[in-house]
Amino acid sequence: MTDAVLATKGLSKSFGALKATDDVTLDLRPGEIHAVIGPNGAGKSTLIDQICGGLTPDAGSVTFLGRDVTGRSVPARARMGLARSFQISQLAMEDTVLQNTLLGAVGAVGSPWRFLWPVVKNRRLRARADAALAQVGLTPHAAKRVSELSHGQRRLLEVAIALTLRPKAFVMDEPMAGLGAEGSKALTEFLDRLRAEAPILLVEHDMDAVFALADRISVLVYGRIIETGTVDAIRASDAVRAAYLGADR
Amino acid sequence: MIPEKLLNLVVLALLLAVPYWASLNDAPFTITLATRATIFALAAVGLNIALGMGGMVSLGHALFFGIGGYTMGILAFHAQSFTPLIDGPMVIEGTKSMPVIWAVAMGVSALAALVIGALSLRTAGVYFIMITLAFGQMLFFFTISWSSYGGEDGLSIFLRNEFPGLDTLVPFNFFALCYGLLVLVILFNARFARSPFGLALNAARQSPDRVRAVGLNPQRLKLVAFVISGTITGLAGALFADLNRFVSPTMFSWQTSGEIMVFVILGGVARLCGPVVGAVAFVMLEHFLGGLSEFWHIYLGLLLLLIVLFARGGLVGLVARRGAAHD
């Protein structure tokens, strides 16, 4: 736990009588992809929201880069280098790919309070945005409006925006959702390379992607982590099979 | 379809050319109409920052228009009656100087927008509309009961205020001042829309979650935009009071807020010169249709209905191609 980039300890959140997350303790170590899997309604999105600062936990703590960030806001955690992607793409759809990426650069550099200088002519911001777009392969689409992009390209754009933050950790909420087999395969390959940038906490339903990528897997059922282990250990776990994977996995 | 830049230049050139022609042909009423349209356009350019860029549907912008108007009225009233604005150990006199009045009007409007924005932005959607409306109505009823400054009857100023080196009593000169300010604000707005702040504000309207996720606070961005917006509309209020040499609680009324919003929607929300086109169209309709029937608002309503149903980009959107904000 001591070398973890990101860690939760005893994270609990209830909505009325429903315990969305119940005493969740997990960590994300340097260079790894740690997948969180679980059936619908297991509390995965609630967990991500607590980790990223959108929800305040009822109990427990979130530690990032060795600091307790439980009371910090979403923007404060993002400025520390906690980058996230959303289950449903959150992008400025009327703006271009470049503008969306520049937004990340503006946030990363902390320079939104400039009112008169064109953002595209700011070399520092532009260099950061261009590098991120090149990294995800979206440079040829920079001038397109986001509404013209395919679903897979929007997923990559979310990653590009996250890259402008020069993140210390990624939190990804179902990045494969809505992608076809080809798109899913391409993104899996991309995420495999991305782990060199920063470790990834990956919430995902696509089990092929999870088994191909994850160093460790945590299984969340009814808000509780029932098992954490390597791919092989999770595959071999009777408890996991009974609760989530089924006999054929 | 023509490029939006070209349309903007044509609109601004026409807005200057018509009153100039009128000044050569001794038609002061035409100049007054153009000045009225210019001031309305300035108020709407202010609202367009909140509404078009920030997505804040403010039904209380009359509050800033009224604050600007009453700032002018109060300062000029004390200057013309030779009574101090504030008496006591530190005496503050009124003034007839336009630049001073503009600066004070903008300062007071900015402060009001900061307080009202900070409170209103805790809400969203219909609640935001209602709370901004409520603030406007509070000031409306306050000025009705403010007998020191005319109460319900309003406040008359005998002479137009002064601007160094210019005879403001000449209608075209006063128009030129208003026009100059409008062009300055539009130029500011054009730069502003392309700036890092403009980019972040636009994104905050479209996807606040994304803005938060890159480390920015969308509420703070919107608050700053609301303050800039209110400041510009406040300046327009000071000019409007000077045009009429009269201020009254009507400047604060929700109908005034509605009219400012109509200018923006009619011309084109988030279009640089949309508010100018909307304000000019409104003043022309008011003048020409108002001469035919006192129920001319029916035709305005019909036009608005058609615009909202068939031309979301307003009158500007009907004829101009939209350029990307950050080319």
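Residues numbered from 1 in each chain as written. Chains lettered and ligands numbered in written order. Predicted model: local features only at pLDDT ≥ 70, side-chain atom pairs only at ≥ 80, totals over all residues. Heavy atoms only, no water.

(A) View of the pattern of salt bridges. Residue and element names in this part refer to chain A. All chains considered together, the criterion is met by 16 salt bridges over all chains. With its nearest N and O atoms 2.7 Å apart, the salt bridge here joins Glu-32 to Arg-216. Placement of Glu-32 in the loop between β2 (18–28) and β3 (33–37) and of Arg-216 in strand β9 (residues 216–221) is noted, with a sequence separation of 184 residues between them. There is no split in this pair, since Glu-32 and Arg-216 are both buried. A single network of salt bridges, built from pairs that share partners, joins Asp-27, Arg-29, Glu-32 and Arg-216. (Salt bridge = Lys/Arg side-chain N within 4 Å of Asp/Glu carboxyl O. Helix = DSSP H or I, 4+ residues; strand = E, 2+ residues; numbered from the N terminus. Buried < 20%, exposed > 50% of the residue type's maximum accessible area, 1.4 Å probe, protein only.)

(B) Up close: the packing of helix α7 (residues 196–206) of chain B against helix α9 (residues 218–244) of chain B. Residues and elements named next belong to chain B. With their axes 9 Å apart at the nearest point, α7 and α9 run at an angle of 115° to one another. Crossing of α7 against α9: the hand is left-handed. Packed against α7, whose contacting residues are Phe-197, Ala-200, Leu-201 and Ala-204, the element α9 presents Pro-218, Leu-221, Lys-222, Val-224 and Ala-225 at the interface. Considered class by class, the residues forming the contact of α7 with α9 number eight nonpolar, no polar and one charged. (Axes fitted to C-alpha atoms, helices over the stretch in contact; angles between N-to-C directions. Left-handed = near helix turned anticlockwise from the far one by under 90°. Contact = heavy atoms within 4.5 Å. Nonpolar A, V, L, I, M, F, W, Y, C, P; charged D, E, K, R; others polar.)

(C) Representation of the interface of chain A and chain B within the structure. In this assembly, 34 residues from chain A lie in contact with 31 residues from chain B. Carbon and sulfur atoms make up 66% of the area that chain A and chain B hide from each other, which totals about 2800 Å². Per-residue buried area on chain A facing chain B is highest for Leu103(A), Trp113(A) and Phe115(A); these three make up 22% of the total on that side. In this assembly, chain A and chain B are joined by two salt bridges. Salt-bridge contacts for Glu158(A) lead to Arg210(B); the nearest nitrogen and oxygen are separated by 3.0 Å. Applying the counting rule to chain A against chain B returns 13 residue pairs in polar contact (both at pLDDT 80 or more). Of all the secondary structure elements, the ones that give two or more residues to the side of chain A that touches chain B are α2 (74–80), α3 (97–109) and α5 (151–164) of chain A. (Buried area = accessible area lost by both parts, 1.4 Å probe. Polar contact = N/O pair within 3.5 Å; in protein donor to acceptor, adjacent residues only side chain to side chain.)

(D) Structural detail: the sheet that holds strand β1 (residues 6–15) of chain A. All names here are of chain A. Spatial strand order, β2-β1-β4-β5: four strands in an open sheet with antiparallel pairing. Each having just a single partner strand, β2 and β5 (67–68) make up the two edges of the open sheet. When strand β4 (residues 59–64) meets β5, the two strands line up antiparallel, connected through two bridges. Counterpart to Thr-63 in the pairing with β5 is Asp-68. (Pairing = 2+ DSSP bridges.)

(E) Here's a closer look at the domain arrangement of chain A. Residues and elements named next belong to chain A. For chain A, the assigned domains read domain 1 (1–81 + 167–249) and domain 2 (93–166). In this assembly, 14 residues from domain 1 lie in contact with 11 residues from domain 2. Three residues, Pro-167, Leu-179 and Phe-190, lead the burial of domain 1 against domain 2; their summed loss comes to 39% of the area buried on that side. In this structure, the connection of domain 1 to domain 2 is made through zero salt bridges. Joining domain 1 to domain 2, the criterion identifies four residue pairs in polar contact (both at pLDDT 80 or more). Only β7 (169–173) and α6 (181–194) provide two or more residues apiece to the side of domain 1 that touches domain 2. (Domains from an automatic or database assignment.)

(F) Local environment of the packing of aromatic side chains. Residue and element names in this part refer to chain B. Tallying each qualifying case throughout the model produces 23 aromatic pairs over all chains. The interplanar angle of 85° and the centroid separation of 5.8 Å between the aromatic rings of Phe-77 and Tyr-149 together place this pair among those described as edge-to-face. One end of the pair, Phe-77, is in helix α3 (residues 62–80); the other, Tyr-149, is in the loop between α5 (126–144) and β2 (155–156), with 72 residues separating them in the sequence. The class for Tyr-149 is buried, based on a relative accessible area of 10%. Between Phe-128 and Phe-226, the aromatic rings sit 6.1 Å apart at their centres with planes inclined by 80°, giving edge-to-face as the arrangement. Placement of the pair is Phe-128 in helix α5 and Phe-226 in helix α9, with a sequence separation of 98 residues. When its relative accessible area of 4% is taken as the criterion, Phe-128 is described as buried. On the accessibility criterion, Phe-226 (1% relative accessible area) is buried. (Phe/Tyr/Trp six-rings, centres within 6.5 Å; stacked < 30°, edge-to-face > 60°.)

(G) Here's a closer look at the layout of surface pockets. Residues and elements named next belong to chain B. In this model, the second largest pocket occupies a volume close to 460 Å³. Forming the boundary of the second largest pocket are 17 residues, of which Leu-14, Leu-15, Val-18, Val-280 and Met-284 lie nearest the centre. Looking at the lining of the second largest pocket, the elements that each hand over two or more residues are α1 (4–24), α2 (28–53) and α11 (274–292). The element best represented in the lining of the second largest pocket is α11, accounting for seven residues. (1 Å grid on protein atoms, 1.4 Å probe; cavity = no way out; pocket = protein on both sides within 12 Å on 5 of 7 lines; lining within 4 Å. Points joined across faces, edges and corners; volume = space filled by probe spheres on them.)

(H) Molecular detail of empty space enclosed by the protein. Inspection of every chain in the model, using the stated rule, returns one cavity of 30 Å³ or more. Of the volumes computed, that of the largest cavity is approximately 30 Å³. Around the largest cavity, the lining residues are Cys52(A), Val74(A), Ala78(A), Leu82(A), Arg84(A) and Ala213(B). If you list the elements that add at least two residues to the lining of the largest cavity, you get α2 and β6 (82–85) of chain A. Looking at the lining of the largest cavity residue by residue, the classes come out as five nonpolar, no polar and one charged.

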